[in-house]
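A structural walkthrough
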Amino acid sequence: MMSRVGVGEASTTRPVVVLVGAAGAGKGTQASILAAELGYRHLATGDLFRSALRDRTVLGEQARVYMERGDLVPDELAIGLVAEALADQSAAGGVILDGFPRTAAQARALEIILAAGGDQISRVVAIDVSEADLVARLSGRWSCPACGTPYHLVYDPPRQPGICNNDGTALTQREDDRVEVVRARLTKQIPPMREVIAHYRAADLLSVVDGSLPIDEVTAAIRAEVGA
Ligand code: AP5
(Lines give C-alpha, C1' and ligand atoms only; values in the text may rest on other atoms or scores of the structure.)
Protein backbone atom coordinates (compact mmCIF):
# COMPACT_ATOMS: atom_id res chain seq x y z
CA MET A 1 0.00 0.00 0.00
CA MET A 2 1.22 3.54 -0.82
CA SER A 3 2.41 5.40 2.27
CA ARG A 4 1.35 9.01 2.75
CA VAL A 5 4.15 11.53 2.45
CA GLY A 6 5.59 12.83 5.71
CA VAL A 7 3.22 10.85 7.87
CA GLY A 8 4.55 7.92 9.82
CA GLU A 9 2.23 7.37 12.78
CA ALA A 10 2.33 11.05 13.78
CA SER A 11 -0.84 13.13 13.82
CA THR A 12 -0.99 16.40 11.92
CA THR A 13 -0.64 19.46 14.08
CA ARG A 14 -1.10 22.07 11.34
CA PRO A 15 -2.09 22.11 7.65
CA VAL A 16 0.90 22.08 5.29
CA VAL A 17 0.16 23.04 1.67
CA VAL A 18 2.83 22.81 -1.04
CA LEU A 19 2.59 24.92 -4.22
CA VAL A 20 4.56 23.58 -7.18
CA GLY A 21 5.05 25.36 -10.50
CA ALA A 22 7.62 26.71 -12.92
CA ALA A 23 9.11 30.18 -12.56
CA GLY A 24 6.30 32.67 -13.08
CA ALA A 25 3.46 30.17 -12.59
CA GLY A 26 2.05 32.27 -9.76
CA LYS A 27 3.25 30.41 -6.67
CA GLY A 28 4.24 33.59 -4.83
CA THR A 29 1.09 35.46 -5.84
CA GLN A 30 -1.20 32.65 -4.70
CA ALA A 31 0.77 31.80 -1.56
CA SER A 32 0.67 35.39 -0.41
CA ILE A 33 -3.11 35.70 -0.98
CA LEU A 34 -3.93 32.36 0.64
CA ALA A 35 -1.60 32.86 3.58
CA ALA A 36 -3.33 36.16 4.36
CA GLU A 37 -6.82 34.68 3.91
CA LEU A 38 -6.23 31.48 5.86
CA GLY A 39 -3.81 32.80 8.48
CA TYR A 40 -1.06 30.45 7.29
CA ARG A 41 2.63 31.20 7.25
CA HIS A 42 4.01 31.79 3.74
CA LEU A 43 7.40 30.10 3.45
CA ALA A 44 9.15 30.97 0.15
CA THR A 45 12.67 29.64 -0.30
CA GLY A 46 13.37 32.15 -3.09
CA ASP A 47 12.52 35.03 -0.73
CA LEU A 48 14.71 33.53 2.00
CA PHE A 49 17.64 33.16 -0.41
CA ARG A 50 17.18 36.73 -1.73
CA SER A 51 17.09 38.06 1.80
CA ALA A 52 20.34 36.16 2.57
CA LEU A 53 21.87 37.66 -0.59
CA ARG A 54 20.90 41.19 0.45
CA ASP A 55 22.28 40.63 3.96
CA ARG A 56 25.49 39.13 2.51
CA THR A 57 25.30 36.14 4.84
CA VAL A 58 27.39 33.02 4.22
CA LEU A 59 24.28 31.28 2.88
CA GLY A 60 23.59 34.21 0.54
CA GLU A 61 27.13 34.13 -0.85
CA GLN A 62 26.90 30.36 -1.34
CA ALA A 63 23.57 30.71 -3.19
CA ARG A 64 24.50 33.74 -5.32
CA VAL A 65 26.35 32.02 -8.14
CA TYR A 66 23.56 29.49 -8.68
CA MET A 67 20.76 32.06 -8.60
CA GLU A 68 22.54 34.44 -10.96
CA ARG A 69 22.80 31.80 -13.66
CA GLY A 70 19.30 30.37 -13.16
CA ASP A 71 20.40 27.11 -11.52
CA LEU A 72 18.86 25.54 -8.48
CA VAL A 73 20.83 26.11 -5.30
CA PRO A 74 22.30 22.77 -4.07
CA ASP A 75 19.84 20.57 -2.22
CA GLU A 76 21.70 20.61 1.09
CA LEU A 77 21.47 24.41 1.34
CA ALA A 78 17.77 24.52 0.45
CA ILE A 79 16.93 21.63 2.79
CA GLY A 80 18.86 23.19 5.69
CA LEU A 81 17.04 26.48 5.17
CA VAL A 82 13.60 24.86 5.23
CA ALA A 83 14.40 22.57 8.17
CA GLU A 84 15.36 25.62 10.19
CA ALA A 85 12.28 27.60 9.15
CA LEU A 86 9.87 24.71 9.83
CA ALA A 87 11.37 24.07 13.25
CA ASP A 88 9.56 27.25 14.29
CA GLN A 89 6.25 25.80 15.47
CA SER A 90 4.76 29.25 16.07
CA ALA A 91 3.00 29.01 12.71
CA ALA A 92 0.36 26.82 14.27
CA GLY A 93 -2.32 28.01 11.87
CA GLY A 94 -0.68 26.29 8.92
CA VAL A 95 2.09 26.67 6.37
CA ILE A 96 2.17 27.28 2.62
CA LEU A 97 5.42 26.20 1.01
CA ASP A 98 6.27 28.19 -2.13
CA GLY A 99 9.30 27.03 -4.11
CA PHE A 100 10.14 23.96 -2.00
CA PRO A 101 10.55 21.11 -2.74
CA ARG A 102 12.03 21.51 -6.22
CA THR A 103 13.84 18.19 -6.54
CA ALA A 104 12.92 14.62 -5.62
CA ALA A 105 15.66 14.69 -2.95
CA GLN A 106 14.09 17.81 -1.41
CA ALA A 107 10.68 16.11 -1.46
CA ARG A 108 12.08 13.12 0.44
CA ALA A 109 13.83 15.41 2.93
CA LEU A 110 10.59 17.31 3.51
CA GLU A 111 8.89 14.07 4.56
CA ILE A 112 11.49 13.56 7.27
CA ILE A 113 11.46 17.19 8.43
CA LEU A 114 7.67 17.26 8.72
CA ALA A 115 7.38 13.87 10.38
CA ALA A 116 9.89 14.97 13.03
CA GLY A 117 7.53 17.82 13.96
CA GLY A 118 4.41 15.64 13.86
CA ASP A 119 3.24 17.28 10.63
CA GLN A 120 2.31 15.95 7.21
CA ILE A 121 1.53 17.46 3.85
CA SER A 122 -2.18 18.21 3.50
CA ARG A 123 -2.15 18.85 -0.26
CA VAL A 124 0.24 19.60 -3.10
CA VAL A 125 -1.11 21.91 -5.80
CA ALA A 126 0.70 22.19 -9.13
CA ILE A 127 -0.02 25.46 -10.96
CA ASP A 128 0.09 24.77 -14.68
CA VAL A 129 0.97 27.60 -17.12
CA SER A 130 2.36 27.49 -20.69
CA GLU A 131 6.00 28.45 -21.23
CA ALA A 132 5.10 31.45 -23.44
CA ASP A 133 2.92 32.88 -20.66
CA LEU A 134 5.66 32.31 -18.09
CA VAL A 135 8.14 34.47 -19.99
CA ALA A 136 5.55 37.27 -20.45
CA ARG A 137 4.74 37.22 -16.77
CA LEU A 138 8.30 37.34 -15.53
CA SER A 139 9.33 40.16 -17.84
CA GLY A 140 6.50 42.35 -16.43
CA ARG A 141 6.97 41.42 -12.79
CA TRP A 142 7.90 43.89 -10.06
CA SER A 143 8.04 42.85 -6.42
CA CYS A 144 8.25 44.33 -2.98
CA PRO A 145 11.78 43.90 -1.58
CA ALA A 146 10.37 44.15 1.96
CA CYS A 147 7.43 41.70 2.02
CA GLY A 148 8.06 39.82 -1.26
CA THR A 149 4.59 40.43 -2.76
CA PRO A 150 4.78 40.17 -6.57
CA TYR A 151 2.91 42.50 -8.95
CA HIS A 152 2.65 42.67 -12.72
CA LEU A 153 2.67 45.85 -14.79
CA VAL A 154 -0.35 44.67 -16.80
CA TYR A 155 -2.00 41.68 -15.06
CA ASP A 156 -1.74 42.74 -11.41
CA PRO A 157 -0.60 46.36 -11.00
CA PRO A 158 -0.28 47.93 -7.52
CA ARG A 159 -2.88 50.55 -6.55
CA GLN A 160 -0.20 53.26 -6.70
CA PRO A 161 2.34 52.78 -9.52
CA GLY A 162 5.67 51.42 -8.27
CA ILE A 163 4.55 51.16 -4.61
CA CYS A 164 3.67 48.03 -2.58
CA ASN A 165 0.00 47.91 -1.51
CA ASN A 166 0.95 46.27 1.80
CA ASP A 167 3.74 48.41 3.19
CA GLY A 168 4.38 51.35 0.84
CA THR A 169 7.88 50.14 -0.15
CA ALA A 170 9.17 51.06 -3.64
CA LEU A 171 8.90 48.01 -5.91
CA THR A 172 11.98 46.56 -7.62
CA GLN A 173 12.67 44.14 -10.48
CA ARG A 174 14.47 40.90 -9.70
CA GLU A 175 17.96 40.36 -11.11
CA ASP A 176 16.99 36.89 -12.32
CA ASP A 177 14.03 38.20 -14.35
CA ARG A 178 16.35 39.24 -17.19
CA VAL A 179 15.15 37.32 -20.22
CA GLU A 180 18.28 35.14 -20.62
CA VAL A 181 18.18 34.11 -16.94
CA VAL A 182 14.43 33.45 -17.18
CA ARG A 183 15.04 31.06 -20.09
CA ALA A 184 17.85 29.32 -18.15
CA ARG A 185 15.59 28.96 -15.10
CA LEU A 186 12.84 27.37 -17.16
CA THR A 187 15.20 25.04 -19.06
CA LYS A 188 17.09 23.88 -15.98
CA GLN A 189 14.34 23.82 -13.38
CA ILE A 190 11.35 22.31 -15.20
CA PRO A 191 12.81 18.74 -15.47
CA PRO A 192 13.39 18.36 -11.69
CA MET A 193 9.98 19.97 -11.07
CA ARG A 194 8.40 17.22 -13.17
CA GLU A 195 10.04 14.64 -10.88
CA VAL A 196 8.54 16.39 -7.85
CA ILE A 197 5.12 16.33 -9.49
CA ALA A 198 5.50 12.62 -10.26
CA HIS A 199 6.54 11.98 -6.64
CA TYR A 200 3.37 13.58 -5.27
CA ARG A 201 1.12 12.05 -7.92
CA ALA A 202 2.40 8.63 -6.83
CA ALA A 203 1.70 9.54 -3.20
CA ASP A 204 -1.86 10.56 -4.17
CA LEU A 205 -1.37 14.08 -2.82
CA LEU A 206 -1.38 16.05 -6.08
CA SER A 207 -3.96 18.41 -7.54
CA VAL A 208 -3.35 20.39 -10.73
CA VAL A 209 -4.96 23.79 -11.34
CA ASP A 210 -5.04 25.87 -14.52
CA GLY A 211 -2.71 28.78 -13.72
CA SER A 212 -3.54 30.66 -16.91
CA LEU A 213 -6.86 31.81 -15.45
CA PRO A 214 -7.22 35.23 -13.78
CA ILE A 215 -5.56 35.43 -10.35
CA ASP A 216 -8.81 35.30 -8.32
CA GLU A 217 -10.00 32.23 -10.23
CA VAL A 218 -6.71 30.44 -9.60
CA THR A 219 -7.03 31.29 -5.90
CA ALA A 220 -10.55 29.84 -5.81
CA ALA A 221 -9.36 26.67 -7.56
CA ILE A 222 -6.52 26.17 -5.09
CA ARG A 223 -8.79 26.87 -2.13
CA ALA A 224 -11.18 24.19 -3.38
CA GLU A 225 -8.33 21.69 -3.74
CA VAL A 226 -6.95 22.29 -0.24
CA GLY A 227 -10.44 22.23 1.27
CA ALA A 228 -10.13 25.69 2.84
P1 AP5 B 1 11.92 31.68 -6.58
O2 AP5 B 1 11.87 33.03 -6.00
O3 AP5 B 1 11.16 30.60 -5.91
O4 AP5 B 1 11.57 31.81 -8.10
P5 AP5 B 1 10.76 30.87 -9.09
O6 AP5 B 1 10.32 29.53 -8.65
O7 AP5 B 1 11.60 30.91 -10.29
O8 AP5 B 1 9.39 31.46 -9.14
P9 AP5 B 1 9.05 32.94 -9.29
O10 AP5 B 1 9.12 33.64 -7.98
O11 AP5 B 1 9.85 33.52 -10.42
O12 AP5 B 1 7.54 32.82 -9.82
P13 AP5 B 1 6.19 32.51 -9.06
O14 AP5 B 1 5.68 31.17 -9.46
O15 AP5 B 1 6.29 32.79 -7.60
O16 AP5 B 1 5.28 33.58 -9.78
P17 AP5 B 1 4.71 34.98 -9.25
O18 AP5 B 1 3.59 34.72 -8.29
O19 AP5 B 1 5.80 35.89 -8.83
O20 AP5 B 1 13.44 31.17 -6.65
C21 AP5 B 1 14.47 32.01 -7.14
C22 AP5 B 1 15.76 31.22 -7.20
O23 AP5 B 1 16.11 30.77 -5.87
C24 AP5 B 1 15.69 29.93 -8.03
O25 AP5 B 1 15.93 30.19 -9.41
C26 AP5 B 1 16.80 29.10 -7.40
O27 AP5 B 1 18.07 29.52 -7.84
C28 AP5 B 1 16.68 29.46 -5.91
N29 AP5 B 1 15.79 28.56 -5.19
C30 AP5 B 1 14.61 28.87 -4.59
N31 AP5 B 1 14.08 27.79 -4.01
C32 AP5 B 1 14.94 26.76 -4.21
C33 AP5 B 1 14.94 25.39 -3.85
N34 AP5 B 1 13.93 24.85 -3.16
N35 AP5 B 1 15.99 24.64 -4.23
C36 AP5 B 1 17.02 25.16 -4.93
N37 AP5 B 1 17.08 26.46 -5.32
C38 AP5 B 1 16.04 27.25 -4.96
O39 AP5 B 1 4.05 35.51 -10.62
C40 AP5 B 1 4.86 35.90 -11.70
C41 AP5 B 1 4.24 37.15 -12.38
O42 AP5 B 1 3.00 36.77 -12.98
C43 AP5 B 1 3.92 38.28 -11.39
O44 AP5 B 1 4.20 39.49 -12.03
C45 AP5 B 1 2.42 38.11 -11.11
O46 AP5 B 1 1.81 39.36 -10.82
C47 AP5 B 1 1.92 37.53 -12.42
N48 AP5 B 1 0.82 36.59 -12.25
C49 AP5 B 1 0.69 35.66 -11.27
N50 AP5 B 1 -0.44 34.95 -11.44
C51 AP5 B 1 -1.03 35.43 -12.56
C52 AP5 B 1 -2.24 35.10 -13.29
N53 AP5 B 1 -3.07 34.12 -12.87
N54 AP5 B 1 -2.52 35.80 -14.40
C55 AP5 B 1 -1.68 36.79 -14.83
N56 AP5 B 1 -0.54 37.16 -14.20
C57 AP5 B 1 -0.21 36.48 -13.08
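1. Considering the site of the ligand
- Around the ligand there are 38 residues in total, and T29, R102, R141, Y151 and R185 lie nearest to it.
- One of the backbone nitrogen or oxygen atoms of G99 is found 2.9 Å away from a nitrogen atom of the ligand.
- In the environment of the ligand, an oxygen atom lies 2.6 Å from a nitrogen or oxygen atom belonging to the side chain of R141.
- Coverage of the ligand by the protein chains reaches 97% of its 1000 Å² of free accessible surface.
- Contributions of two or more residues to the shell around the ligand are made by α1 (27–38), α2 (45–54), α6 (131–139), β6 (150–152), α7 (179–202) and α8 (215–226).
- Here the element with the most residues in the shell around the ligand is α2; it accounts for 4 residues.
- The residue inventory of the shell around the ligand, partitioned by class, reads 17 nonpolar, 11 polar and 10 charged.

2. Side note on the environment of A115
- Along the chain, the position of A115 falls in helix α5 (residues 104–116).
- Of the residues examined, A115 reaches a relative accessible area of 29% and is grouped as partly exposed.
- Separated by 51 residues in sequence, A115 and R64 have C-alpha atoms that sit 31 Å apart.

3. Let's talk about the sheet that holds strand β1 (residues 16–20)
- Strand order in the open sheet made by the 5 strands is β2-β3-β1-β4-β7, with parallel pairing throughout. Each of the sheet's edge strands pairs with one partner strand only, and the pair in question is β2 (41–44) and β7 (206–210). On average, adjacent strands in this sheet sit at an angle of 25 degrees to one another, irrespective of strand direction.
- Two strands pair when backbone bridges link them, and β1 and strand β4 (residues 123–128) are joined in this way by 4 bridges, in the parallel orientation. For V20, the partnering residue across the bridge sits in β4 and is A126.

4. Brief notes about the nonpolar core
- With 56 residues, the main nonpolar core has L110 and Y200 as its most contacted residues.
- For L110, the residues in contact, after removing those within four places along its chain, are V18, L86, L97, F100, P101, I121 and Y200.

5. Digging into the side chain of R185
- For R185, the position within the fold is in helix α7.
- A polar contact of 2.9 Å, which involves the side chain of R185, links it to the side chain of D177.
- Excluding anything up to four places from it in sequence, R185 contacts A23, G70, L138, R141, R174, D176, D177 and I190.

6. Let's talk about the packing of α2 against helix α4 (residues 75–86)
- Running from N to C, α2 and α4 cross one another at 100 degrees; their axes reach a closest spacing of 11 Å. Regarding the angle of α2 to α4, the classification is roughly perpendicular. Note on element contacts: α4 touches α2 through L77, A78, L81 and V82, opposite T45, L48 and F49.
- Split by residue class, the contact of α2 with α4 holds 6 nonpolar, 1 polar and no charged.

7. Digging into the pairing of β4
- Burial analysis of β4 places 5 of its 6 residues in the buried class, which makes it a mostly covered element.
- Here β4 runs beside β7; their pairing, made up of 5 bridges, is parallel. Across the sheet, residue A126 finds its bridge partner in β7, namely V208.

8. Looking at the environment of R50
- Looking at the element boundaries, R50 is found in helix α2.
- A relative accessible area of 18% means that R50 is categorised as buried.
- Separated by 13 residues in the primary sequence, R50 and A63 place their C-alpha atoms 8.9 Å from one another.
- Apart from residues lying up to four places away in sequence, R50 is in contact with M67 and R174.

Cut-offs applied
Each chain carries its own residue numbering, running from 1 in the direction its sequence is written. In view of the model being predicted, local features appear only for residues whose pLDDT reaches at least 70, and side-chain atom pairs are presented and counted only at 80 or more, with totals across whole chains, interfaces and linings using the full set of residues. Computation of side-chain values covers all heavy atoms of the structure but excludes hydrogens and water. For this purpose, a residue is taken to be near a molecule or strand whenever a single non-hydrogen atom of the residue falls within 4 Å of it. Whenever two N or O atoms come within 3.5 Å, that pair is a polar contact, provided that in protein one can donate a hydrogen and the other can accept it, and provided that, for residues adjacent in sequence, both atoms are side-chain atoms. Surface exposure here means Shrake-Rupley accessible area, sampled with a 1.4 Å probe, where a residue is shielded only by the protein chains that are shown. Note on conventions: DSSP H or I runs of at least 4 residues are helices, E runs of at least 2 residues are strands, and numbering of each starts at the N terminus. Three classes are used: nonpolar for Ala, Val, Leu, Ile, Met, Phe, Trp, Tyr, Cys and Pro, charged for Asp, Glu, Lys and Arg, and polar for all others, with Gly counted as polar. Burial classification: accessible surface area is computed with a 1.4 Å probe over protein chains only, and a residue below 20% of its type maximum counts as buried, one above 50% as exposed, and the rest as partly exposed. Paired strands, as defined in this entry, are two strands with at least two bridges between them according to DSSP. An axis is simply a line fitted to the C-alpha atoms; with a helix, the fit covers only the stretch in contact. Between two such axes, the angle follows the N-to-C directions and lies from 0 to 180 degrees. Residues belong to a common nonpolar core when they are buried Ala, Val, Leu, Ile, Met, Phe, Trp, Tyr or Cys residues joined through side-chain atoms within 4.5 Å. Working rule for contacts: check all heavy atoms of both residues, and any pair within 4.5 Å makes them a contact. Throughout this description, any angle smaller than 35 degrees is read as roughly parallel, any larger than 145 degrees as roughly antiparallel, any in the 65 to 115 degree range as roughly perpendicular, and the remainder as oblique.

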